[in-house]
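# Tertiary structure, described
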Amino acid sequence: MALDPARTVGAEVAETIRRHRLAPRGETGGRVLRLLADAGIPDPEIRARQYPHELSGGLRQRALIASALAGDPAILLADEPTSALDATVQRRVLDLVAEIRRSGVGVLLVSHDLGAVARLADRVAVMRAGRIVETAGTEEILRRPTHPYTRALVRAVPRLARPSGQRATAAAEPGPEAPAVIELADVSVSFAGPGRTRRQAVRNVNLTVRAGQSVGLVGESGSGKSTLAQVVLGLRRPDSGTATLRSPDDGTPLPVGDPRRVRTIQPIQQNTADALDPRWPVRASLTEVIRRHDRLDRAAALDRARELLASVGLDDTVLDRRPQELSGGQRQRVTIARALAVRPRVLLCDEAVSALDATVQAQVLDLLAELRAGLGLTLLFISHDLGVISRLCQEVTVLRAGAVVESGPVSRVFGAPRHPYTRALVEAVPSIDPVPTTTRSPG
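Here the structure is a predicted model, which means the values were calculated and not measured.

About the cut-offs
Residues numbered from 1 in each chain as written. Predicted model: local features only at pLDDT ≥ 70, side-chain atom pairs only at ≥ 80, totals over all residues. Heavy atoms only, no water. Helix = DSSP H or I, 4+ residues; strand = E, 2+ residues; numbered from the N terminus. Rg over C-alpha atoms; globule rule 2.2 N^0.38 Å. Buried < 20%, exposed > 50% of the residue type's maximum accessible area, 1.4 Å probe, protein only. Contact = heavy atoms within 4.5 Å. Areas by Shrake-Rupley, 256 points an atom, 1.4 Å probe, with all protein chains shown as cover. Lys, Arg positive; Asp, Glu negative; His and termini not counted. Charge placed at Lys NZ, Arg CZ, Asp CG, Glu CD. Core = buried A, V, L, I, M, F, W, Y, C linked by side-chain atoms within 4.5 Å. Axes fitted to C-alpha atoms, helices over the stretch in contact; angles between N-to-C directions. Parallel < 35°, antiparallel > 145°, perpendicular 65-115°, else oblique. Left-handed = near helix turned anticlockwise from the far one by under 90°. Nonpolar A, V, L, I, M, F, W, Y, C, P; charged D, E, K, R; others polar. Pairing = 2+ DSSP bridges. Patch = residues over 30% accessible without salt bridge, like charges linked within 9 Å, V, L, I, M, F, W, Y side chains within 5 Å. Salt bridge = Lys/Arg side-chain N within 4 Å of Asp/Glu carboxyl O. Arc of directions from axis to C-beta. Disulfide = S-S within 2.5 Å.

Secondary structure assignment for the protein yields 18 helices and 13 strands. Computed over C-alpha atoms, the radius of gyration of the protein comes to 22 Å, within 12% of the 22 Å expected from 2.2 N^0.38 for 443 residues, which places it in the range of a compact globule. Over its C-alpha atoms, taken along the principal directions, the protein stretches across nearly 65 × 65 × 50 Å. Of all 443 residues assigned to the protein, the portion counted as buried reaches 51%. By sequence separation, contacts in the protein at least 24 residues apart represent 66% of the contacts at least 6 residues apart. For the protein, the accessible surface area stands at approximately 20800 Å², while carbon and sulfur atoms represent 49% of it. The protein carries 60 positive and 49 negative side-chain charges, and their two centres are separated by 2 Å.

Turning to the nonpolar core, a few remarks are in order. Ranked by internal contacts, the top residues of the largest apolar core, which has 54 residues, are I336, L347, L368, F381 and F414. The residues contacting L368, other than those within four sequence positions of it, are I268, I336, L347, C349, L379, F381 and L392.

Between helix α8 (residues 148-156) and helix α15 (residues 358-375), the shortest axis-to-axis distance is 8 Å and the interhelical angle comes to 50°. With respect to α15, the axis of α8 lies oblique. The crossing of α8 and α15 is left-handed. Together, Y149, A152, L153 and A156 of α8 and A358, T359 and A362 of α15 make up the contact between the two elements. Grouping the constituent residues of the contact of α8 with α15 by class yields six nonpolar, one polar and no charged.

Our focus in this paragraph is the pairing of strand β11 (residues 378-383). When you tally the buried positions in β11, you get six out of six residues, the bulk of the element. Because side chains alternate across β11, one face comprises the buried residues T378, L380 and I382, and the other comprises L379, F381 and S383, equally buried. When strand β10 (residues 346-350) meets β11, the two strands line up parallel, connected through five bridges. Its bridge partner lying in β11, V346 is registered against T378.

Quick look at helix α9 (residues 225-233) now. Along α9, seven of the nine residues are buried, which leaves the element largely enclosed by surrounding structure. Within α9 the residues assigned to the buried category are K225, T227, L228, A229, V231, V232 and L233. G234 sits one or two positions beyond α9 and adopts a positive phi of about 85°.

We now examine a nonpolar patch on the surface. On the surface, a nonpolar cluster with roughly 270 Å² of combined accessible area is contributed by L77, L108 and V110. With respect to the helices and strands, the residue L108 is situated in strand β2 (residues 106-110).

Take helix α18 (residues 420-428) next. Taken together, the buried positions of α18 are Y421, T422, L425, V426 and A428. In an axial view of α18, the angular spread of the buried residues amounts to 165°, which keeps them on one side of the axis. Exposed side chains of α18 directed beyond 90 degrees from the buried face belong to P420 and E427.

Turning our attention to unusual backbone geometry. Backbone geometry at D72 places phi at a positive 45°, although glycine is not the residue there. Tracing the sequence through the fold places D72 in the loop between α4 (57-69) and β1 (75-79). Its identity is not glycine, yet A401 carries a phi of approximately 50°, on the positive side. Locating A401 in the fold gives a position in the loop between β12 (395-400) and β13 (403-409).

All right, on to the state of the cysteines then. Applying the stated criterion across every chain, the model contains zero disulfides. Between C349, a free cysteine, and C393, which holds the nearest cysteine sulfur, the sulfur-to-sulfur gap is 8.7 Å.

Glancing now at the sheet that holds strand β6 (residues 198-210). One open sheet accounts for three strands, arranged β6-β5-β8; its pairing is antiparallel. Pairing within the sheet leaves two strands with one partner each, and these edge strands are β6 and β8 (240-245). Each strand axis lies, on average, 20° off the axis of its neighbour in the sheet, ignoring direction. Pairing of strand β5 (residues 180-192) with β6 involves nine bridges; the strand directions are antiparallel. Looking at the pairing, A180 lines up with R210 of β6. Helix-sheet contacts for α9 involve β5, β6 and β8, and the interaxial angle to β5 is about 125°.

With that settled, consider the environment of A125. By the secondary structure assignment, A125 is in strand β3 (residues 123-128). The exposure class of A125 is partly exposed, given its relative accessible area of 45%. Placed 249 residues apart in sequence, A125 and G374 show a C-alpha to C-alpha distance of 39 Å. Apart from the residues lying within four places of it in its own chain, the contact partners of A125 are I132, E134 and T135.

Further remarks concern the environment of G40. With respect to the element layout, G40 can be found in the loop between α2 (28-38) and α3 (44-47). In this structure G40 comes out as buried when scored by relative accessible area, which is 8%. With 50 residues separating them in the primary sequence, G40 and Q90 have C-alpha atoms 8.5 Å apart. The residues contacting G40, other than those within four sequence positions of it, are R62, V89 and R92.

A word on the sheet that holds β13. What the six strands build is an open sheet, ordered β9-β10-β11-β7-β12-β13; its pairing is mixed. Taken across any chain shown, the strands that pair with only one partner, and hence form the sheet edges, are β9 (265-268) and β13. Taken pair by pair, the neighbouring strands of this sheet meet at an average axis angle of 15°, ignoring direction. Docked against the sheet, helix α14 (residues 328-340) engages β9 and β10, running at close to 170° with respect to β9.

See the structure below:
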């Protein structure tokens with residue numbers, strides 16, 4: 001973790017200011033708050049007094065950006081600075097970096113997000129397997145790429161569902177007779193804050209997911225998405241309202257503590273490095289789950305592990321490799337295989353592809369769509385990326401500051417948004433045109 005877990009976010013940012021004497025002692029606190037606000041952190045006075053574990057992943061990332069900017073650097077090396085941020089906050093952070101660049105600071109942006117690259121970069125170098133395969137001006141790379149890998153990257157970028165656009169879609173929408181498997185009714189959740197305060201994370205949220213649906217949950221970091229995921233999984237009790245998980249077979253409610261919940265719903269986390277034990281090879285990560293739930297002997301559990309790997313497009317050569325020996329896409333496929341080991345009926349994907357490049361992201365999304373169609377799975381997909389939701393989901397719910405501001409079919413919500421916040425999200429998504437049939441000549 002880049003942030004010190006033993007000190008507050010404000011102290012983290014202030015250290016650089018104090019160490020390099022960038023402001024008089026009496027002005028340090030005000031400068032810290034301005035840096036946090038410029039990095040897109042809401043309520044900077046409150047967040048400055050919080051510790052990293054009290055912030056969402058996106059808020060921690062924004063705090064890191066504020067810390068990096070505190071020293072007025074001559075060169076800013078931005079390594080995936082916006083990968084966990086929603087479109088509006090991403091645009092604000094990139095605009096901030098652009099302002100800094102115009103003031104004379106050099107910027108090296110390392111990113112798998114071609115939208116961020118399109119917004120900020122003058123030139124692009126495309127890397128594959130440790131080598132630069134193509135370099136050119138940003139517009140040339142995005143509109144007229146020459147290398148097959150670059151063309152594949154640009155083609156793989158998820159695009160929004162727009163009235164005149166075209167999007168990949170999953171299976172047909174289940175009818176209204178399909179039973180509800182997830183029901184949230186007026187769910188509210190709050191957390192203890194500094195000085196005996198309470199921070200409202202979720203406000204009166206209503207959400208229904210029916211068997212066979214693929215439903216997206218969109219919102220900026222800190223909007224309550226992951227808190228709702230914890231409520232759905234039974235890891236957190238709401239302060240008020242009800243959260244019900246039902247059996248897809250007969251609609252029977254499955255209360256927290258019911259062992260059938262494990263076989264009904266499984267999560268796929270964002271951080272695959274944390275989701276898999278770094279000490280264990282893939283073989284152990286899979287067979288431990290299989291033997292615990294299916295009571296199989298070692299040989300049968302290993303056969304089942306091979307079947308699971310094959311179902312997610314991996315062969316058994318990864319069985320003896322540890323997580324750090326796998327690519328990000330391979331690790332994510334292993335976490336999906338492990339989630340499938342208990343034969344769940346519902347997958348809850350919390351930012352499951354946000355750390356992957358466009359081609360691997362497309363492969364994982366296609367895999368999830370195939371698994372949903374082939375196994376009859378229900379998906380609740382949490383993401384800040386509207387393009388990802390547009391590619392995979394049929395319905396979407398938009399959260400802001402813990403409250404639902406809009407919900408409905410993806411094509412309607414993204415194609416003709418009604419709420420100002422949803423419109424701002426859609427307008428903030430960079431437009432990357434599909435690769436034309438003719439490309440520039442290598443030069």
